[in-house]
Amino acid sequence: MASCQAHGIRVVLASILPRATTPGTRARTARKIIALNTLLRAYAEKTGLVYLDYHAAMADADAA
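Report on the accompanying structure. What you see is a predicted model; the values in this text were computed from it and never measured.

Structural notes on the pattern of salt bridges
Taken as a whole and judged by the stated rule, the model has one salt bridge. Taking the shortest distance from any N to any O, the salt bridge between Asp-53 and Arg-41 comes out at 2.8 Å. Taken together, the residues Asp-53 in the loop between β2 (50–52) and α3 (54–58) and Arg-41 in helix α2 (residues 26–47) connect sequence positions 12 residues apart. By relative accessible area, Arg-41 is classed as partly exposed at 34%.

Observations concerning the side chain of Ser-15
The topology assignment puts Ser-15 in the loop between β1 (12–14) and α2. Setting aside residues no more than four positions away along its own chain, Ser-15 makes contact with Asn-37, Leu-40, Tyr-51, Leu-52, Asp-53, Tyr-54 and His-55.

Looking at α2
Given 3.6 residues to a turn, an α-helix orients residues that are three or four positions apart in the same direction. Compared with the 32 Å implied by 1.5 Å per residue over 22 residues, the 32 Å span of α2 between its first and last C-alpha is a close match. Taken residue by residue, α2 has Thr-29, Ala-30, Ile-33, Asn-37 and Ala-44 as its buried positions. An end-on view of α2 places all buried positions within 95° of arc, on one side of the element. More than 90 degrees from the buried face of α2, the exposed residues found are Arg-31, Lys-32, Leu-39 and Lys-46. Buried residues in α2 make contact with β1, β2 and α3. Where α2 terminates, the next one or two residues include Gly-48, which has phi positive at roughly 75°.

Rules used in this analysis
- Sequence order sets the numbering: in each chain, residues are counted from 1 along the sequence as written.
- Totals for whole chains, interfaces and linings use all residues, but because this is a predicted model, local features are given only for residues with pLDDT of at least 70 and pairs of side-chain atoms are given and counted only at 80 or more.
- Only hydrogens and water are set aside; all other atoms, that is, all heavy atoms of the structure, feed into the side-chain values.
- Note on definitions: salt bridges are taken to be side-chain nitrogens of Lys or Arg within 4 Å of carboxyl oxygens of Asp or Glu.
- Numbering goes from the N terminus for both helices and strands, where a helix is a DSSP run of H or I of at least four residues and a strand is a run of E of at least two.
- Exposure classes here rest on a 1.4 Å probe applied to the protein chains alone. A residue is buried below 20% of its type maximum, exposed above 50%, and partly exposed in between.
- When checking whether two residues touch, look at their non-hydrogen atoms; a contact exists if any pair is within 4.5 Å.
- Helices are assigned an expected span. That span is 1.5 Å times one less than the residue count.
- Throughout, the arc means that of the directions going from the helix axis to the C-beta atoms.

So this is what it looks like as structure tokens:
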């Protein structure tokens, strides 16, 4: 990403989208997606990149 920024390219990180799951896998899948999105957000903040949180806008009771 440093080479992108060195060439004036703006890097944008986007969250992992929620996904529909079965009742038995919903909590585990949701935890994994949320954990990864937390890492992505922290990396974006640390490096000054833009982070788009699509997950928060799209999650509902049937998605993880």
